[in-house]
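# Secondary and tertiary structure notes
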Amino acid sequence: MFELLGIPPQALFGQLLLGLINGSFYALLSLGLAVIFGLLNIINFAHGAQYMMGAFVAWMLLNYLGINYWAALILVPVVVGITGVVIERLFIARLYHLDHLYGLLLTFGLALIIQGLFRNQYGISGLPYQIPEQLAGGQNLGFMFLPNYRGWVIGASLVTCIATWFVIEKTRLGAYLRAATENPTLVGAFGINVPRMITLTYGFGVALAAFAGVLAAPIYSVNPNMGADLIIVVFAVVVIGGMGSILGSIITGFGLGLVEGLTKVFYPEGSAVVIFVIMAIVLLVKPAGLFGRAS
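Predicted, not measured: the structure shown is a model, and the values here were computed from it.

### Let's talk about the overall build of the chain
A count of helices and strands for the chain gives eleven helices and two strands. Going from the N terminus to the C terminus, the chain shows its helices and strands as α-α-α-α-β-β-α-α-α-α-α-α-α. For 295 residues, the compact-globule estimate of 2.2 N^0.38 gives 19 Å, and the C-alpha radius of gyration of the chain, at 19 Å, lies within 12% of that figure. For the chain, the residues scored as buried account for 48% of the 295 residues in total. Sequence-distant contacts in the chain: of pairs separated by 6 or more residues, those separated by 24 or more amount to 78%. If you sum the accessible surface of the chain, you get close to 14,200 Å²; carbon and sulfur atoms cover 68% of it. Taking the 11 positively charged and 9 negatively charged side chains of the chain as two groups, their mean positions are separated by 13 Å.

### With respect to a nonpolar patch on the surface
Where nonpolar side chains cluster on the molecular surface, the patch consists of V78, I82, V86, L90 and F91 and spans about 440 Å² of accessible area. Relative to the helices and strands, L90 resides in helix α3 (residues 69-90). Owing to a relative accessible area of 47%, L90 belongs among the partly exposed residues under this scheme.

### Comments concerning the environment of F13
Within the secondary structure, F13 is located in helix α1 (residues 9-40). Since its relative accessible area comes to 24%, F13 is described here as partly exposed. C-alpha of F13 to C-alpha of F145: the two residues are 132 residues apart in sequence and 9.2 Å apart in space.

### Focus: the pattern of salt bridges
Here the structure, examined in full by the defined rule, presents one salt bridge. Residue E88 pairs with R89 through a salt bridge whose shortest N-O separation is 3.0 Å. A relative accessible area of 0% means that E88 is categorised as buried. Among the residues examined, R89 registers a relative accessible area of 42% and is labelled partly exposed.

### Quick look at the side chain of T201
With respect to the secondary-structure elements, T201 resides in helix α8 (residues 194-216). Residue classification places T201 among the buried residues on the basis of a relative accessible area of 6%. A polar atom in the side chain of T201 sits 2.7 Å from the backbone oxygen of M197. Setting aside chain neighbours within four positions, we find T201 in contact with V35, L39, L40 and L177.

### Thoughts on the packing of helix α5 (residues 148-170) against helix α10 (residues 246-266)
At their nearest, the axes of α5 and α10 sit 9 Å apart, and the two run at 165° to each other. One way to sum up the angle between α5 and α10 is to call them roughly antiparallel. Crossing hand, α5 versus α10: left-handed. For the pair α5 and α10, the contacting residues are S157, L158, C161, W165, I168 and E169 in the first and I246, L247, I250 and F254 in the second. Among the residues forming the contact of α5 with α10, the class breakdown is eight nonpolar, one polar and one charged.

### Points about the packing of aromatic side chains
Per the stated rule, a full pass over the model turns up 13 aromatic pairs. Centroid distance F56 to F118: 4.8 Å. Interplanar angle 35°. Geometry classified as tilted. Of the two residues, F56 is situated in helix α2 (residues 47-65) and F118 in helix α4 (residues 100-122); the sequence distance between them amounts to 62 residues. With 6.4 Å between their ring centres and 55° between their planes, Y69 and Y129 make a pair best called tilted. With Y69 in helix α3 and Y129 in the loop between α4 and β1 (138-140), this pair connects stretches of sequence that are 60 residues apart. Of the two residues, Y69 and Y129, both sit in the buried class.

Basis of the calculations
- Residues numbered from 1 in each chain as written.
- Predicted model: local features only at pLDDT ≥ 70, side-chain atom pairs only at ≥ 80, totals over all residues.
- Heavy atoms only, no water.
- Helix = DSSP H or I, 4+ residues; strand = E, 2+ residues; numbered from the N terminus.
- Rg over C-alpha atoms; globule rule 2.2 N^0.38 Å.
- Buried < 20%, exposed > 50% of the residue type's maximum accessible area, 1.4 Å probe, protein only.
- Contact = heavy atoms within 4.5 Å.
- Areas by Shrake-Rupley, 256 points an atom, 1.4 Å probe, with all protein chains shown as cover.
- Lys, Arg positive; Asp, Glu negative; His and termini not counted.
- Charge placed at Lys NZ, Arg CZ, Asp CG, Glu CD.
- Patch = residues over 30% accessible without salt bridge, like charges linked within 9 Å, V, L, I, M, F, W, Y side chains within 5 Å.
- Salt bridge = Lys/Arg side-chain N within 4 Å of Asp/Glu carboxyl O.
- Polar contact = N/O pair within 3.5 Å; in protein donor to acceptor, adjacent residues only side chain to side chain.
- Axes fitted to C-alpha atoms, helices over the stretch in contact; angles between N-to-C directions.
- Parallel < 35°, antiparallel > 145°, perpendicular 65-115°, else oblique.
- Left-handed = near helix turned anticlockwise from the far one by under 90°.
- Nonpolar A, V, L, I, M, F, W, Y, C, P; charged D, E, K, R; others polar.
- Phe/Tyr/Trp six-rings, centres within 6.5 Å; stacked < 30°, edge-to-face > 60°.

Structure, rendered in structure tokens:
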């Protein structure tokens, strides 16, 4: 089997697989952030905590109620999405006419509160979540071994991202959502309940984070810091793709995951900062991001 610059193919493809896994979570989480910012103009710093909540709620459903992984994939986004609806109605709805900084500070404070509550209850050591039996094992592709669950995560993330993009960009509902951000008074004149639409949009963005949390639970240990460790990278992905750009978040999330994986092969010391280096370069060349529109 060939070697690329002295790197065995198993190592190369293994790191590319890990990069795709990370990219799947970058894409899902940055997509949720892009939906919330693009349609509501709120920088949702609580997104990482809501991703962590998704993993914890899946763990609690399994260990306290015996509800399995497949049911959790449906139930958890609904449950955590409802908490997002409550947060939007109680707090965020009061900030739409204020500077972005107020929303960022509010959601940052909420993230600290949520993390603190889970850390106080469950500690900081990770809790295991079993891979569902149907996705145990893997496939020998000849040049590498592909675990079934990791292949499922990549596929589920890609399908969810594409479906979300299609709904927002290509359907009448998406057109209403985009119009409501530009001219809510005009949209309301057509009999559409704009505040309810905005609330459900925030809930949907939170549900995307929770869905990513359920996908992550069998791969990473379920712990209160899992969102905090990821959210800074995800914000960098959003900035590179363009704040509020749905397609930009998807493409940039998967692309930067692959770049990170390749960096771990050829220059491991730089893998932790490569995304931030790319962000700095992109901001110098195109401040609105690769897919963003200059205001």
